[in-house]
There are 4 protein chains.
Amino acid sequence: MIVVMKSTSSDADVQHVLSFLQNHGLSGHLSQGVERTVIGVLGAVGPSGAPGSLGGINPSIGEALEGLPNVEDVVRVSKPYKLASREFHPEDTIVEVPSACVEGGIVRIGGKEVVMMAGPCTVETEKQLMTTAAAVRKEGAVILRGGAFKPSTSPYGFRGLGEEGLKLLAKARDEFGMAIITEVMTPSDVAMVCEYADILQIGTRNMQNYMLLDEVGRTRKPVVIKRGMSATFEEWLLAAEYILSQGNRNVILCERGIRTFEKATRNTMDISAFPLLKRLSHLPVLSDPSQGTGRRDIVGPLSLASVAAGADALLVEVHPNPDEALKDGAQSITIPQFRELMPQLHAVAGAIGRSVITK
Amino acid sequence: MIVVMKSTSSDADVQHVLSFLQNHGLSGHLSQGVERTVIGVLGAVGPSGAPGSLGGINPSIGEALEGLPNVEDVVRVSKPYKLASREFHPEDTIVEVPSACVEGGIVRIGGKEVVMMAGPCTVETEKQLMTTAAAVRKEGAVILRGGAFKPSTSPYGFRGLGEEGLKLLAKARDEFGMAIITEVMTPSDVAMVCEYADILQIGTRNMQNYMLLDEVGRTRKPVVIKRGMSATFEEWLLAAEYILSQGNRNVILCERGIRTFEKATRNTMDISAFPLLKRLSHLPVLSDPSQGTGRRDIVGPLSLASVAAGADALLVEVHPNPDEALKDGAQSITIPQFRELMPQLHAVAGAIGRSVITK
Amino acid sequence: MIVVMKSTSSDADVQHVLSFLQNHGLSGHLSQGVERTVIGVLGAVGPSGAPGSLGGINPSIGEALEGLPNVEDVVRVSKPYKLASREFHPEDTIVEVPSACVEGGIVRIGGKEVVMMAGPCTVETEKQLMTTAAAVRKEGAVILRGGAFKPSTSPYGFRGLGEEGLKLLAKARDEFGMAIITEVMTPSDVAMVCEYADILQIGTRNMQNYMLLDEVGRTRKPVVIKRGMSATFEEWLLAAEYILSQGNRNVILCERGIRTFEKATRNTMDISAFPLLKRLSHLPVLSDPSQGTGRRDIVGPLSLASVAAGADALLVEVHPNPDEALKDGAQSITIPQFRELMPQLHAVAGAIGRSVITK
Amino acid sequence: MIVVMKSTSSDADVQHVLSFLQNHGLSGHLSQGVERTVIGVLGAVGPSGAPGSLGGINPSIGEALEGLPNVEDVVRVSKPYKLASREFHPEDTIVEVPSACVEGGIVRIGGKEVVMMAGPCTVETEKQLMTTAAAVRKEGAVILRGGAFKPSTSPYGFRGLGEEGLKLLAKARDEFGMAIITEVMTPSDVAMVCEYADILQIGTRNMQNYMLLDEVGRTRKPVVIKRGMSATFEEWLLAAEYILSQGNRNVILCERGIRTFEKATRNTMDISAFPLLKRLSHLPVLSDPSQGTGRRDIVGPLSLASVAAGADALLVEVHPNPDEALKDGAQSITIPQFRELMPQLHAVAGAIGRSVITK
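All of these numbers come straight from a predicted model, not from anything done at the bench. Numbering of residues starts from 1 in every chain and runs along the sequence as written. Think of it this way: whatever chain is written first is A, whatever ligand is written first is 1, and the rest follow in order. In keeping with the model being predicted, local features are shown solely for residues with a pLDDT of at least 70 and side-chain atom pairs are shown and tallied solely at 80 or more, while totals for entire chains, interfaces and linings include all residues. The side-chain figures draw on all heavy atoms in the structure; neither hydrogens nor water molecules are used.

(A) Main features of the state of the cysteines. Disulfides are defined as cysteine sulfur pairs within 2.5 Å. Summed over all chains, the structure comprises 0 disulfides over all chains. In this structure Cys121(B) is not part of a disulfide, and its nearest cysteine sulfur, from Cys254(B), lies 13 Å away.

This is how it looks when you write it as C-alpha cells:
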C-alpha cells in the first residue's frame, strides 16, 4: 500500500500518517520527491515481537488512511515489489546520464530514443580501450562500457585492473565525451567507483548481494542491475526494490540471458523481458546480447530483436581483436561488425517508431 | 560423412559405393534426389555384432571413397545430425506449400519473404473458424492454423474435434484459399490428416515420438516440428533428421519457447534459435510467439523480435473472443490486435531487407 | 469430485447418479471395484457446446449427490488428477506381478517389501541376456529388465532388436522364473509387447504420448510410467491419470532423474519424489538410478538413498561387460558391483523397517 | 599443476621454484603446510601483458620442475579447481570444530562419524533459541545453527537480529556446549561474526560473492559454502577454491537443493552430490534438507537419503512452533519430529557402516 500526499501537505501531515501507521503496528517508508511525498506502507511487526517482518495489512486501514488530512490517494500495490511497480509509478522512469558527446550533455535512458552502450568486456590496456572507444563513438555509441573489477569463476582467472582500469575509463571519457558504465562488486568499493563512473553496474552474480544493493541505493548514481542467472522477474524487481527503497530512483534493469539447457549459446536471452517488464514496472530495460548469447555471430540479430521487442538501450561488447581478449573474447564483436550493426539498428528502431541517439 | 555422386553416375556406381561401405563394416543411407544422389555414411556395426550402432569412421575411408568411380565429393559432417546440417546442404531449403490465395498458388517458406500463419489454437465451431479465417486472411495471413487433435495435459481436458475439425479446416481452405496447418499426434492418424492438411505439425510433446517422426518422414507433406519443451538445438535437429532420413525433405523447425524458471510467461522464447539454426542448418525456422509466451499482451512484440532476428514465418493464435476459448485463450490475440500487428510486421521485415507475403 | 456408492448399492442406484450428473451437464466416470463402486465426476460440457472440456463444478451439486439413494460419501478432490490422488484412494495401491521365482508366484510392488528389477539396458544377444539374468537372479532380483524397443536420440543409433528381443526376454523368464519388464513405444505395438511382457514400461520421452497412454490404459497389464525429462509431479500424475481413467489401475510411477544444469551427471535424481508422491498419490514409486545418474560409480549410493527415502522398487541396469554395451554402458553397473549392492540394500531397507523380497 | 616439495626442503628451494616459474611466465601459489609445502602453478601472464590470466602450461615445464632441488613430485591436476580436487589431496579432509559437548571437545566433520547440526532457521528470541538448543542437544545434535544475518528476497522482509542474534548464539554455546554455525553476508562483517561463530556459513546467493570468499579465506575458521541455486559442481568447487587459495583449508561443501521446474518442493536436493563430490574432491559434504525441500513433511526421508548416499553431516531447521516462525516456518521440523528422526538416522548410518556422533 502506498500513501500519496497532496502537494500542499505539510510535515505535520506526513508525521500524522506515520504515527497512524505506527499505532496500527505498521511501518512507513518515506519517499520525499520534489513534487510529491509518498509513504510506502511496508509491513507489520512480526508475531514474536521481532521488528520488520511483513504481515498482512487489513484493508480497512487503507480506507482510514484515505480520510487523514492532505492524503491525496492510497494506492494498493498487489505485487511484492512496491516502488518498482508500474502501479506505484504509472509513468515511465527516465534515467538521466551526463554525457558530453550529445547535444545538451544528457543521455536519457527509458525515453523515446534507444541508447547504445559499447566497449570492451574488460579494460586491458590504454591502447585497447582508446581504440575501441574511438571506434564505437564514431559509429554512434554514447556510453562506454569497460570492466575494471571483473568477477571470475576461477580464483586464477583475470580479475581486472582495478582502480587503474577506472582511471583509464575516466581518461577515455575526457577524450571522447562518453559517459562511463562499469561494474562494482563489493560495498567497500562503491565510493571509489562512484568517483570515476557515471553508471554503476551490478553483475548477475551480485543481483542478490543485498549489502551491495543497499550501498548503491544510498548513492544517487544511475545503477544498472543485471538479472541473476536464474532469477525470475519478481526476484529481479525485488532486487531493484532494495536500491529504490534506499532512495536511489535511478535504476535500470538489464536482461543478460538466463541459464537454460541449451549448450549452443552461453545463456538464453529472455526477450519477453522487454515488453513484459515495461508492463510490470516503470524502470528502463537494457539488453546485453553479448553475455546473453556468448557468440559473436548472433550478437547482431539479438540486438535487433531486443530493440524490436522494446529494449531502451543496448550494452554490447566490442574488442579490436577479440580472439586475443583476456576475457570473453568469443562474445565480443569486432569493430567492423559494430559498424555494420548500427545502421540496421537505426532501421529497426525506426520501424517501431523510435530512433537511436548518437549525438 | 556424406558421399555425393556425380550427376552422371549410374546405379552400378552407387552400388559400388554401398558395397565398399559394407566391406568396411559401415552402412550407407541412400538419398536419391532429382538432380543428384547422395549417400550418407551412417555408422558401423556394433561390437557385439548387433546391427546399426554408430561407430567411429576411419578418415582414410573418406579418401578411398573419393577415388571411387563417379564420386564427386565426400563431405565430412562434424555434427551428429547429417542431412539437417548446413555442412551437408549449404543453400537454404525452401519449403513450398500450395496456397490458392497467393499469386502463383505457392507459398515459399525459407526464402526472402516472411510468411504469416494464423488462426485459432483449436477448431471449436464452424462459425469460430470461419470468422477467424476471414479476419486473418483479410490482414494478410496466407496459411490457416487450427488444432483438430489437441494434446491435453489432463485426460479430462478438451482433446479436439478430431476428423470433424479437419473437415472444417478443409472447408475454410476452400472458402479463403489459405493452406492448412494442423497437428498430427500418432502414427495411425498420419494418413487421415494428410488427406486434409497442407502442412503437418508435430507438437512439442511429440518431438521425440520416433515412430511418429518415421511415419511423417514417409510422406512428402511439409512438416513443422516444434522444439521439445526442454530440448537442445542438437536434440531438435536430430528429431528433424528422423524425418529427413526417411526421405521427406520438407521440414520446418518451429521455436515455441522452452521451459525456464520464469513464471510470468508460459515459456521462454529462445530468439537465438532464429539466427543460430540458420547457421547450423539449412531448414526454415518458424516462430510461435503464442505458445512461446502464453500472454496475449506480448505476442506482438515477440513476433516483431522473431522477425528482426531472422524467423522465416510466424504461427500466431487468433480468436474472435479469446476469453471464451476452449483452450489457451490467454495466449490468443484478438482480431483487432492481429490487425494492428500486421503493419508493424511489414515495417520490421522491411528494416532487415525482407517483406511479408500477403497475396 | 468422487461419488462413493454404498456396498449395498444396486445398478439402478449407480444409474441414478449418472443420470443426475448428465442432467446437470456433467459426466461420470464409473469405476466398479470388487468391494465398492465409485463414480468420478469428471467435467462439464464446454461453453461453446463442444464435448468434454473441464468446467467448474458447483459445490451445491455435491450436496445434492450426497442425498441420492445409497451414496455413501462424496469426496472433493482438490488436485487436477483424481483417480491418482491419495484423497481418492487413501490406501496404498499394491501392484501384483506374476513371478515364478518367488514363493506364491506373485511379486507385490508398493507393499512392505522392496523389489529389485535388474538387467541390461538393451537386449543385445541371447548370451548377454542370459548371463545377466542368471547373475542378477542369483543375487536376489525378481524382475528382469531389458529393452527390445529403444528410443534413440539419433535416427542412426541402435533402436533395439524388436520382437526378436522380446522372444529372448520370454526365454529368460522361462529359464529363471523372473517377471519381465520392457518398453513399449507406440500404440500399435502394445498388443504384441503384452504377449511377452509382465510389465509395460512407458519411457520418459513418451510420458505425454497420450494415444500410447490411452492404449496401455485399455490393457490390464502393470504399467511403469517414467517421469518426463522436465515434468513436474503434477504433469506426471496427470499422465498416470490417463492410464487410470481408461480403467487400468496397475500403474507404477518411476523417478528416473530430471534435466538440470549439472553436467557431471546425466540427470538429477529427484529423491523427494519418493516420500512426496506417497503423500500425493497411492501409487507405488520406483527408482531408476541408472538413467537418473548416468554414472556407474554412483548408482549404488543413489540406490541406497532411494530406498532410505521410501522407494518401493529399484530398476538397475546391469551388464556383463558395460564398456562394450551397445547403449548406455556408462550407466550400467557390472555384475560384481551388483553383487556388492544387494547386501547394502538389505541393510538400508532393514534400517527403515522394510525388507527386500528375493524369493 | 602442483609442485610438492620434499619435507626436507628449505626456503631457498621454494624460492628457487618460484623464480623458475616467474622466468617461464608463470606464477606460483605457495601453500605452506605443517608437514609439507606445495606450490600451485597457477597461470601465465596474458597475451596483452596484463597480469594473472590463466594460460596453457607447456608440459615440458613439468618435467623441468621435477628436476629442481628437493622437489618431491609434480602433480598434474586436470580439473579447473586445483586445491579442492581429489587429485591434489587424495585423503579425505577432516574439518575439526571445537565443541564442548562431545568427548575430547572436538567434532570432526568428514570422518567416519556423521554430524548433526540443528537449530532454528533464524534467531528470533532468547526463549526460542534456548528451547530449541536444549531440545536438539538432548537428542544428539552437537552443533547449533541459527541465522543472525538473513538474506531476504524482499527488502521489506526480516533481515535478522544482527549482532544481537550472535550474542544469543554465544550464550547458547555457553549453556549447551554446542559449537555455533551462522551465516556471514558481507566482507566487513567477517571479523565480527568470527568473534562469535565456530563455523562461518556462506549462503547460496553469495556462492559467487568473490570478495566475501576471499575474506573468509583469510581467516582460519571452518567455512560451510552452500551450493548456488543453479550452480554446477564445477562452479561450486571453484568457489571453494577461492577460499582454499587464500590459505583456509577448513572448507565444507553444503548441498541445499537446486532450482528445478518442480513446484511441489522449494528446491530439488541433488543427492548425487554426496557420492560424487567425494570422488571429485577431498572436502566434507553436508546436507541441508530443510532448504533442499522447503517441506517439513519430507525433511526426515531426505535426511535419511542423504546419509545413505554418503553425506558427512546434516543441517536441519528445527523450531519449537514452526507455524509462528518469522522465516521459513514451512521447512522447519518440530521438536517431536526431530526426536523421531534421530534414531532412524542412527539406523541408516549403521546400515552403511557409519555412526552418528552425539557425545
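Now, onward.
(B) The arrangement of the environment of Glu96(A) in detail. Residues and elements named next belong to chain A. If you trace the backbone, Glu96 turns up in strand S5 (residues 95-98). When its relative accessible area of 41% is taken as the criterion, Glu96 is described as partly exposed. When the C-alpha atoms of Glu96 and Arg108 are compared, they prove to be 4.6 Å apart, with 12 residues separating the residues in sequence. Here, residues are in contact when the closest pair of their heavy atoms is within 4.5 Å. Once residues within four sequence positions are removed from consideration, Glu96 is found in contact with Ile106, Val107, Arg108 and Pro222. Under this definition, polar contacts are N or O atom pairs within 3.5 Å; protein pairs additionally need one hydrogen-donor-capable and one acceptor-capable atom, and for neighbouring residues in sequence, both atoms have to be side-chain atoms. Within the structure, Glu96 has its side chain in polar contact with the side chain of Arg108 (distance 3.1 Å). Here a strand is any run of E in DSSP of at least two residues, a helix any run of H or I of at least four, and the numbering for each starts at the N terminus. Each residue is placed in one exposure class: buried if its accessible area under a 1.4 Å probe, protein chains only, is under 20% of its type's maximum, exposed if it is over 50%, and partly exposed if it falls in between.

(C) Seen up close, the domain arrangement of chain A. As used throughout, domain bounds are those supplied by an automatic or database domain assignment. According to the domain assignment, chain A consists of domain 1 (2-75) and domain 2 (95-357). Summarising the inter-unit geometry, the C-alpha centres of domain 1 of chain A and domain 2 of chain A are found 36 Å apart.

(D) Focus on the interface of chain C and chain B. The interface is formed by 47 residues belonging to chain C together with 48 residues belonging to chain B. Both faces combined, the contact of chain C with chain B buries some 4,000 Å², and carbon together with sulfur accounts for 58% of it. A pairing counts as a salt bridge when a side-chain nitrogen of Lys or Arg comes within 4 Å of a carboxyl oxygen of Asp or Glu. The interface formed by chain C and chain B holds 4 salt bridges in total. Here Glu235(C) ties to Arg259(B) by a salt bridge, and the two come within 2.4 Å at their closest N and O atoms. At the boundary of chain C with chain B, the tally comes to 19 residue pairs in polar contact (both at pLDDT 80 or more). Mapped by element, the contributors of at least two residues to the side of chain C that touches chain B are helix H6 (210-217) and helix H7 (233-245) of chain C. In terms of residue count, H7(C) provides more of the side of chain C that touches chain B than any other element does, 5 residues in total. Three classes are used: nonpolar for Ala, Val, Leu, Ile, Met, Phe, Trp, Tyr, Cys and Pro, charged for Asp, Glu, Lys and Arg, and polar for all others, with Gly counted as polar. Taken together, the residues of the side of chain C that touches chain B break down into 21 nonpolar, 16 polar and 10 charged. Buried area: the accessible surface (1.4 Å probe) lost by two parts on joining, summed over both.

(E) The arrangement of the pairing of strand S10 (residues 199-202) of chain B in detail. Residues and elements named next belong to chain B. Where burial is concerned, the two faces of S10 agree: the one with Ile199 and Gln201 and the one with Leu200 and Ile202 are both buried. Strand direction decides the pairing type here: strand S9 (residues 179-183) and S10, joined by 3 bridges, are parallel. Residue pairing for S10: Glu183 is matched across the bridge by Gln201. Seen with the strands pointing away from the viewer, any crossover whose path from the first strand over the helix to the second strand runs clockwise is right-handed. Remark: the S9/helix H5 (residues 190-196)/S10 crossover connection has right-handed handedness. Note: S10 against strand S11 (residues 223-226), 3 bridges, orientation parallel. Note on S11: the bridge partner recorded for Ile202 is Ile225. Tracing the backbone out of S10, into helix H6 (residues 210-217) and back to the parallel element S11 gives a crossover that is right-handed. What makes two strands pair is DSSP finding at least two bridges between them.

(F) Representation of the pattern of salt bridges. Taken as a whole and assessed by the stated rule, the structure comprises 80 salt bridges over all chains. Between Glu255(A) and Arg227(A) there is a salt bridge, and its shortest N-O distance comes to 2.8 Å. Highlighted residues: Glu255(A) in strand S12 (residues 251-255) and Arg227(A) in the loop between strand S11 (223-226) and helix H7 (233-245), separated in sequence by 28 residues. Of the charged contacts, one joins Asp92(D) and Arg86(D) as a salt bridge, the two residues approaching to 2.7 Å between their closest N and O atoms. Accessibility expressed as a relative area gives 39% for Asp92(D), which makes it partly exposed.

(G) Region of interest: helix H10 (residues 296-309) of chain D. All names here are of chain D. With 14 residues, H10 should cover 20 Å at 1.5 Å per step; its first-to-last C-alpha distance of 21 Å lies within 8% of that length. The element H10 is extensively covered by neighbouring structure, given that 12 of its 14 residues are classed as buried. Of the positions making up H10, those classed as buried are Ile298, Val299, Gly300, Pro301, Leu302, Ser303, Leu304, Ala305, Ser306, Val307, Ala308 and Ala309. Each residue after the first adds 1.5 Å to the expected span of a helix.

(H) Main features of helix H8 (residues 273-280) of chain B. Extensive coverage of H8(B) is indicated by the burial of 7 of its 8 residues. Ala273(B), Phe274(B), Pro275(B), Leu276(B), Leu277(B), Lys278(B) and Leu280(B) are the residues of H8(B) that are buried. Where H8(B) is buried, its residues contact helix H10 (296-309) of chain A together with helix H7 (233-245), strand S12 (251-255), strand S13 (285-287) and helix H10 (296-309) of chain B.

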